[in-house]
Amino acid sequence: MSSLTTMMLLPLLGSLLVAVIPSDQVLRIKQAALGTTILVAISGILTWLKFDSENTSFQFVQSVEWIPSFGINYAVGVDGLSLVLILMSVLLAPIVVLAGWNESEGGRWSAKVFYILILVLETMMIGVFAATDLFLFYVIFEAMLIPVYFLIGGYGSGERAAAAVKFLLYSLFGGLLMLASIIGLYVISGANGGHTFDITKLSEMHNYMNSTTQNLLFLGFFIAFAIKAPLWPLHTWLPDASASATPGTSVLLLGVLDKVGTFGMIRFCLALFPDASKTFTPVIITLAVISIIYGAFLAIGATDIKRLIAYTSISHFGFITMGIFAMTTQGHSGATLYMFNHGFSTAALFLVAGWMSARRGSSTIADFGGLQRVTPVMAWSFFIAGMSSLALPGLSSFVSEFLVLVGTFTRYPVAAIIATFGIVLAALYILIPVQKALHGPTTPGNENLSDLNLREKIAIAPVIAIIVALGFYPSPLLNVINPASAHVLELQGFTDPTPSDSAGK
Amino acid sequence: MSPYNYLYVAGLLFTIGAVGVVVRRNAIVVFMCIELMLNAANLTLVTFSRINGTLDGQIVAFFTMVVAACEVVVGLAIIVAIYRSRRSASIDDASLLKR
Amino acid sequence: MTTSTSLVYLIALPLAGAVILLLAGRRADKWGHLLATALSASSFGAGLYQLSQMLSRPTEERAVTQKLFTWISVGSFNIDAGILLDQLSICFVLLITGVGTLIHIYSISYMSHDENRRRFFAYLNLFIASMLLLVLGDSYLNLYVGWEGVGLASYLLIGFWNQKPAYATASKKAFVMNRIGDMGLSFAIMIAFATLGSVSFSGVEEASHTASQATLTAIGIMLLIAAAGKSAQFPLQAWLGDAMAGPTPVSALIHAATMVTAGVYLIVRSHFIFDAAPTAQLLVVIVGAVTLTFGAIVGTAKDDIKKALAASTMSQIGYMILAAGLGPAGYAFAIMHLLTHGFFKAGMFLGAGSVMHGMNDQVNMRRYGALRKFMPITFVTFGLGYLAIIGVPPFAGFYSKDAIIETAFNAGGIKGILLGSTALLGAAITAFYMTRVMILTFTSPERWEKDQHPHESPWLMWLPMVILAIGSVSTGYLFTRGDSLVHWLSPVFGEHEAHEEHFLPVIVVSGLALTAVLIGVSIALVKYQFSDVDAEAPQDVSIFTRIARKDLLQDTFNESVFMRPGQALTRILVKTDDKVIDGTVRLVGTTAIGTGSALRKSQTGFARSYAALILIGAVALIAGIWVVTQ
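Residues numbered from 1 in each chain as written. Chains lettered and ligands numbered in written order. Predicted model: local features only at pLDDT ≥ 70, side-chain atom pairs only at ≥ 80, totals over all residues.

Let me state the cut-off plainly: UniProt positions are given in the numbering used here, feature names are shortened, and annotations may be inferred rather than shown by experiment.
The record held by UniProt for chain B lists under Sequence similarities (unreviewed entry) the comment "Belongs to the complex I subunit 4L family." Quoted verbatim from the Subcellular location (unreviewed entry) heading of the UniProt record, the comment on chain B is "Membrane".

Here is the UniProt Sequence similarities (unreviewed entry) comment for chain A, exactly as written: "Belongs to the complex I subunit 4 family." Here chain A is described in UniProt, under the heading Subcellular location (unreviewed entry), as follows: "Membrane".

Below, the structure written as structure tokens:
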């Protein structure tokens, strides 16, 4: 049995354990959930250590027949790209459980249901990145919506039901288009060497399609992923969903689920439809640049701290998408690293914002003021997370953002130049809430807020440690990512542009 | 005598039944009009059976009679139930399907 | 090139101080400031050690490098965390750590009543570490880390008292305007990588020999934007005046002596690009000349002692940028003025801090006067700095500024005359407004309120001022004796033939400069010393004075051209997102609901109407079939 399967089974077993604990022993339930997620995180780190970064094919592979009559297998395996994302997911899970210790209270159902949903979601988060069978991927891709729907609709705040439905409908719409494309691919595979859902075999199929077919199938996948990622103008579900969900759910939503979109662009859009990818690159780069600037402006104009963070994410996903479609090693590795880093900096921002609004009873920025003097640790955590979000050099996001910009510039200078204006806007959208909420005189209603307690400090410390450590020393991840992104580009037939002025030498 | 005359009678009967269903309010009358339409259909079936010299139409006519009998049982029961609860046999009073 | 393993301590020591002080929290309140000062001093010690090592080697082996680890490596984009210490950076290292340590010592006393003194020292150490990283990085990307690091430290220190909303706004403004400059640096790095294939100093220098003019000009202009942002040069100068919201030692260290000169460092470090890109170089000169006049004019109108000094800083850095734009002849003089300026301006800021300390944090010079009697040490040290900045021989500023004016005249042709005259005019205005500061603060009759009791500051504060004053007196002479600094730096800039044909004889230039100074001083004396000064700023002044008081409308311009349209755009986009994009999404939902409720109306619940519909439908169907089959 592959260690990936073990990793996927662990949270499922954990959810069974949670299920048998009586509902009134809430503390036990939480401990069991936390223990499980920590165990999964450890096994994730072990997998990362065992991973051979020089090898560009899938590793820890396991393939079992599932529905043989349709050529469907339970097939899992990881390369550098999916390994990094799985690592991020399993590291975030225990942090989310620990940080949102009391999130399950005030929900529509009991704490038990909450943690079962979280654990089941964790299994799917691992599975969606590890699947090497397109059908398996699709099933998990859609099934992930279920726990998230209930987590938002059952435990969120405000207009939680409406937000959950909006999220579900948006995602289902994309999923439906993708299903059509998957069936199309399946039919084509049947005509050319036997029905299969194996993505390695499917990546040969573009040779048998004419350009119209390829473009249409590509769009089916891309729109689904663009909704997930979310790319302008398919983004409006994200602010609603993340503002209504509990902070922990929002972290998983923004940090992990949205990454499925950008992950899918690399794994499926590029690998399965290389020619269509090239055709649509100008459009996609344009949308990505619009997302960067547009998300930043909306973040500047946001009055709610959670919506603000959601908008910053739209801007960041613009960077990731731009890096992916820049088709350079720097852009590609930068985008993959960006996915990892964004997970942590957004997690830090969202968790602290969640604590702030839980204490204040409001998430409107104007309700805060002068927190730095009342709750210094909380204010500092928010500040560092914010600095990471605006890509301050020395923190992790800088490395990835700069790689994306440099990588894009060598091929699409105009896009990179416009996107760079985003870094000034980033300074504004982080410093404006910092000034309003943390600086200035302590406004009424904020005098008696309590600072982070030990549990919250333990939850936020590893996030900040990772942000700082990867800012100075990103090599452990880059070493894993580089061969994978080089491999993708090689399959695409792209080589990095040579420096224009040194070509004559 | 031409067998087609039976078809004209059947058409006349069906029209009377259909108009009756649409026009009359009394549930019993509506019900009888439905029977009229069924019988018109039966007459047609039997006529065609005669014209074509096969028994298929007659067999279907028997089916129709059986179904009509069942329908009468259920339908009358409903009408009686409605009459008991509403003191009215007007079908316009029983517009429960709306909402 | 020589390698070393000890360079990292220069940066690591103050960085460790910042981390320890921030993480230790209130536990470190008792000893935090001492540790920070000790670490800053030990970094200075390490700098001196490196200097002695450097002196012991022959000229061509003086530059040393240290590779710590591979920082980013993707494809051909390879950046090492590498340190480069050469003749240029050692000047900066000693200035930063030396002046930095003095300001640490000063702050122990200056900040002693602040409950957050530990945090202040943590920020100071963070600043020292970032600034050292800036000048020691061996590639543009490493420099960028330090570049934004000092921006962060500056942000934190300007907003140190951010409970005052105006101060919080000032810190945000500084950060955002710096970011615009940083964007220039990003562009420069991106262009360098895309066209030259390298972003390290050595790699870019090597590739620049074969690079096209257009490339180098583009990189040069982007570097200039970066420099303008960090060094408060036109048109990105607006933040510096507001940055005076920070505690005065911060103004002395960051916004006078070190950080704001980073732009000069960047241009001088990139000399190989500017030497090969005359257009970019011309722009550098123009920016320098405009800013030096601009700052000087603003300086004449300010009543706030710190803002007057800030305007003066802007103007003096204008001189440095001007010199740096004059090519190989000017680089060494830019650095020389930078170093002497570091001494006298830091000294004067500390003096201003000392005055504020004795005057209950009053900053309005119109409320000072006659402080000479109450603060003799401050008066003397400030006075020495004053003599240095206006360029009176034999004080430091005379040597460095004179050299710049002379080089400007020697630039040749109309350009030389224009630049030289601008520099001379700047010198005259500098003399005027600095004399004004001196008179208003120290020598004019007293105008302060009766409940104030001016007093000299404690020794911890005046000792650094004295040391800096000694520097302001002596450094000019030391640097120019036998052209020592020019020779010291020449391996960095490469050999070049000295301009032999002088536009004007040296003695004439010096004479002109001294005349300009004399004129400026005389006007100030007439206007302020020999006539009464109002305690309130007169309001019935000419339009020019009013504009100068408003910083020559720079904020007004920025607000009306960038801020307000930006805010309007934000509002429009927020509305668009809600009404148009999300509106479309909601429209899909409401359409579905609307269609449903419209269709529901046809369901009346009357069995007879259903029957009629069935009948009509059946007839229509039969008729349809009949028509089709006919």
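Next comes the rest of the write-up.
1. Quick word on the overall build of chain A
Here is the rule we go by: The helix and strand labels rest on DSSP assignments: H or I over at least four residues marks a helix, E over at least two residues marks a strand, and numbering proceeds from the N terminus. Values of the radius of gyration come from C-alpha atoms, whereas the globule rule sets the reference at 2.2 Å times the count of residues to the power 0.38. Using C-beta atoms placed from the backbone, we call a residue buried if 20 or more other C-beta atoms fall within 10 Å of its own, exposed if 12 or fewer do, and partly exposed for counts in between. In this description, any two residues whose backbone-derived C-beta atoms lie within 7 Å of each other are considered to be in contact.
Looking only at helices and strands, chain A features 20 helices and two strands. For a compact globule of 505 residues, the expected C-alpha radius of gyration is about 23 Å, and chain A comes in at 22 Å, within 12% of that figure. Projected onto the principal axes, the alpha-carbon positions of chain A cover approximately 70 × 60 × 40 Å. Per-residue burial for chain A yields a buried fraction of 62% across its 505 residues. In chain A, the share of contacts with a sequence separation of at least 24, taken over all contacts with a separation of at least 6, comes to 81%.

2. Overview of the UniProt feature "transmembrane region" (unreviewed entry) in chain B
Residue and element names in this part refer to chain B. Per the UniProt annotation, the sites labelled "transmembrane region" (unreviewed entry) are residues 6-23, 28-48 and 60-83. In this annotation, residues 6-23 is assigned 100% helix and 0% strand; the end-to-end C-alpha distance for the span is 25 Å. The distance separating the terminal C-alpha atoms of residues 28-48 is 30 Å; by composition the span is 100% helix and 0% strand.

3. Some thoughts on the interface of chain C and chain B
Threshold: Put simply, Ala, Val, Leu, Ile, Met, Phe, Trp, Tyr, Cys and Pro go in the nonpolar bin, Asp, Glu, Lys and Arg in the charged bin, and everything else, Gly too, in the polar bin.
With nine residues of chain C at the contact, the number on the chain B side is nine residues. In the side of chain C that touches chain B, the residues fall into five nonpolar, three polar and one charged.

4. Notes on helix 3 (residues 87-110) of chain C
For clarity, the threshold we go by: Multiply 1.5 Å by the residue count of a helix minus one, and that product is the helix's expected span.
Over its 24 residues, helix 3 of chain C extends 34 Å from the first C-alpha to the last, a length consistent with the 34 Å expected when each residue adds 1.5 Å. Within helix 3 of chain C, 22 of the 24 residues are buried, which leaves the element mostly enclosed by the surrounding structure.

5. A look at the UniProt feature "domain: NADH:ubiquinone oxidoreductase chain 4 N-terminal" (unreviewed entry) in chain A
Per the UniProt record, the feature "domain: NADH:ubiquinone oxidoreductase chain 4 N-terminal" (unreviewed entry) sits at residues 57-126 of chain A. End C-alpha atoms of residues 57-126 of chain A are separated by 18 Å, and the span's content is 51% helix alongside 23% strand.

6. Concerning the interface of chain C and chain A
Facing 47 residues of chain C, the contacting portion of chain A comprises 46 residues. Within the side of chain C that touches chain A, the residues separate by chemical class into 25 nonpolar, 16 polar and six charged.

7. Quick look at the nonpolar core
So the rule is basically this: For this analysis, nonpolar core means a set of buried Ala, Val, Leu, Ile, Met, Phe, Trp, Tyr and Cys residues linked through C-beta atoms within 7 Å.
Formed by 418 residues in total, the largest nonpolar core has its most connected members in Val352(A), Leu132(C), Ala188(C), Leu322(C) and Ala346(C). Considering every element that reaches this core, the biggest residue donor is helix 6 (residues 165-196) of chain C, with 18 residues. Contacts of Ala346(C), omitting those with residues within four sequence positions, involve Val99(C), Ile103(C), Ala252(C), Leu253(C), Ala256(C), Ala257(C) and Leu468(C). The next biggest cluster of nonpolar side chains, apart from the first, holds seven residues, and it includes Val21(B), Phe31(B), Cys33(B) and Ile91(B).

8. Observations concerning the environment of Arg179(C)
Inspection of the secondary structure assignment puts Arg179(C) in helix 6. For Arg179(C), a count of 21 C-beta atoms within 10 Å translates into the label buried. In sequence terms Arg179(C) and Gly151(C) are 28 residues apart; their C-alpha atoms lie 8.4 Å from each other. In this view, Arg179(C) contacts Ile423(A), Val424(A) and Ala427(A); residues no more than four positions away in its chain are not counted.

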